[in-house]
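Below, each chain spelled out in residue letters.
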Amino acid sequence: MRSRAHFKAHPLHPALIPFPFAFLTGALLFDTIGLIRESRALWTTGAHLTIAGIAAGVLAAIPGIIDYLYTVPPGSSGKKRATRHGALNIIALALFGGAWALRGPDWSPSLASTALELVGASTLAYAGWLGGTLITRNLISVDHRYARAGKWKEEWFAGKAGEPLVVAHTDDLAADQMKLLHVNGHRIVLARKADHFIAFDDSCTHRGGSLAGGVMIDGTVQCLWHGSQFDGSTGGVRCGPARQPIGAYEVRQAQNGDVLLVSPPG
Ligand code: FES
């Protein structure tokens, strides 16, 4: 068994995003005006902003990749959106890199390089809109709290399929709090009702939202992406738009307070 603490999302990601956006759109602005007014001072500023923007974009990509791999739920609509967001950001940086290569020896822009920057800035704007949707609709980077101000918990386990596995201690969770377990590669949510524990699949059957990132009230879990509700004990749908049930798992509490997943998937 291995276990480690984990952020629900990397806090640096949204904090770094404004820098490449500001620098690269600034480069487009300075180059355009510099081209029109034939001002070396302006296009030199545009050249410096391009370098700063590409460097800031590469830096912002690091926490972005961490979020993509560890925070955005696999197989979800959010993952597809995040893939498009990342790919478009790479394309935008490449377009600004191409525009840089087309500059003259004195860093002067040309019509072609400025046109490339314009396409790059438009691509960056659309990628930014997708990123905003990932935060506001898919709640990536939102660090909400469970009942009684419970914080996000996530742990990794490896065990034999079908053999009881200790996944928590009774004190780990208060009533209506949840914890995301990675058991042999499967994402399972452990939740506490008033006097016992329940476990169910993390993936909402509507569009793959993480139920561990949802809300639990007395055994009913609500997905925050579009509001579907499931009975955490049976996996049955209580409220759509989801139509298919989620998988539910048997949980047992030992005398010493250990909480066991009775038959973990392999
Ligand atoms: S993904 Fe739509 S309700 Fe869960």
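Residues numbered from 1 in each chain as written. Predicted model: local features only at pLDDT ≥ 70, side-chain atom pairs only at ≥ 80, totals over all residues. Heavy atoms only, no water.

This part covers the sheet that holds strand S12 (residues 258–261). With antiparallel pairing, the three strands of this open sheet are ordered in space as S2-S12-S11. Here the strands that pair on one side only, and so sit at the sheet edges, are strand S2 (165–169) and strand S11 (251–253). Across the sheet, the mean angle from the axis of one strand to that of its neighbour is 30 degrees, orientation sign disregarded. Summarising the sheet, S2 and S12 pair through four bridges and their orientation is antiparallel. Bridge assignment links Val-166 to a residue of S12, and that residue is Leu-260. (Pairing = 2+ DSSP bridges. Helix = DSSP H or I, 4+ residues; strand = E, 2+ residues; numbered from the N terminus. Axes fitted to C-alpha atoms, helices over the stretch in contact; angles between N-to-C directions.)

Our next topic: a nonpolar patch on the surface. On the surface, Leu-59, Ile-62, Ile-65, Ile-66, Leu-69 and Tyr-70 cluster together into a nonpolar patch covering about 560 Å² of accessible area. With respect to the helices and strands, the residue Leu-69 is situated in helix H3 (residues 40–70). The exposed category is assigned to Leu-69, whose relative accessible area is 53%. (Patch = residues over 30% accessible without salt bridge, like charges linked within 9 Å, V, L, I, M, F, W, Y side chains within 5 Å. Areas by Shrake-Rupley, 256 points an atom, 1.4 Å probe, with all protein chains shown as cover. Salt bridge = Lys/Arg side-chain N within 4 Å of Asp/Glu carboxyl O. Buried < 20%, exposed > 50% of the residue type's maximum accessible area, 1.4 Å probe, protein only.)

Now for the state of the cysteines. Using the criterion set out here, one finds zero disulfides in the structure. Here Cys-239 is not cross-linked by a disulfide; its sulfur's nearest cysteine counterpart is in Cys-204, at 11 Å. Residue Cys-239 is classed as partly exposed on the basis of its relative accessible area of 33%. (Disulfide = S-S within 2.5 Å.)

Contact geometry of H3 with helix H4 (residues 77–101) gives a least axis separation of 10 Å together with a crossing angle of 160 degrees. On the basis of the axis angle, H3 is roughly antiparallel to H4. Judged by the sense of rotation from one axis to the other, the crossing of H3 with H4 is left-handed. Every residue of H4 that contacts H3 at Ala-47, Thr-50, Ile-51, Gly-53, Ile-54, Gly-57, Val-58, Tyr-68 and Leu-69 is listed here: Lys-79, Ala-82, Thr-83, Leu-93, Phe-96, Gly-97 and Trp-100. Of the residues contributing to the contact of H3 with H4, the split by class is 10 nonpolar, five polar and one charged. (Parallel < 35°, antiparallel > 145°, perpendicular 65-115°, else oblique. Left-handed = near helix turned anticlockwise from the far one by under 90°. Contact = heavy atoms within 4.5 Å. Nonpolar A, V, L, I, M, F, W, Y, C, P; charged D, E, K, R; others polar.)

On to helix H5 (residues 111–136), then. For H5, with 26 residues, the first-to-last C-alpha span of 37 Å sits near the 38 Å given by 1.5 Å per residue. Within H5, the full set of buried residues consists of Ser-113, Thr-114, Glu-117, Gly-120, Ala-121, Thr-123, Leu-124, Ala-127, Leu-130, Gly-131, Thr-133 and Leu-134. (Expected span 1.5 Å × (residues − 1).)

Glancing now at the layout of surface pockets. The calculated volume of the largest pocket comes to roughly 660 Å³. Lining the largest pocket are 30 residues, and of these His-13, Gly-64, His-85, Gly-86 and Asn-89 lie nearest its centre. Put simply, the parts of the chain that give the lining of the largest pocket at least two residues each are helix H1 (12–16), helix H2 (18–37), H3, H4 and H5. The element that contributes the greatest number of residues to the lining of the largest pocket is H4, accounting for eight residues. In the lining of the largest pocket, the residues fall into 18 nonpolar, 11 polar and one charged. (1 Å grid on protein atoms, 1.4 Å probe; cavity = no way out; pocket = protein on both sides within 12 Å on 5 of 7 lines; lining within 4 Å. Points joined across faces, edges and corners; volume = space filled by probe spheres on them.)

The domain boundaries assigned to the protein chain delineate domain 1 (12–136) and domain 2 (147–261). Summarising the inter-unit geometry, the C-alpha centres of domain 1 and domain 2 are found 39 Å apart. In this assembly, six residues from domain 1 lie in contact with seven residues from domain 2. Buried surface at the junction of domain 1 and domain 2, both sides included, amounts to about 500 Å², of which 60% is carbon and sulfur. It is Pro-73, Pro-74 and Ser-77 in domain 1 that bury the most area against domain 2; as a group they hold 62% of the surface buried on that side. Counting across the interface, domain 1 meets domain 2 through zero salt bridges. If you look at where domain 1 meets domain 2, you find one residue pair in polar contact (both at pLDDT 80 or more). Looking at the side of domain 1 that touches domain 2 residue by residue, the class counts come to three nonpolar, three polar and no charged. (Domains from an automatic or database assignment. Buried area = accessible area lost by both parts, 1.4 Å probe. Polar contact = N/O pair within 3.5 Å; in protein donor to acceptor, adjacent residues only side chain to side chain.)

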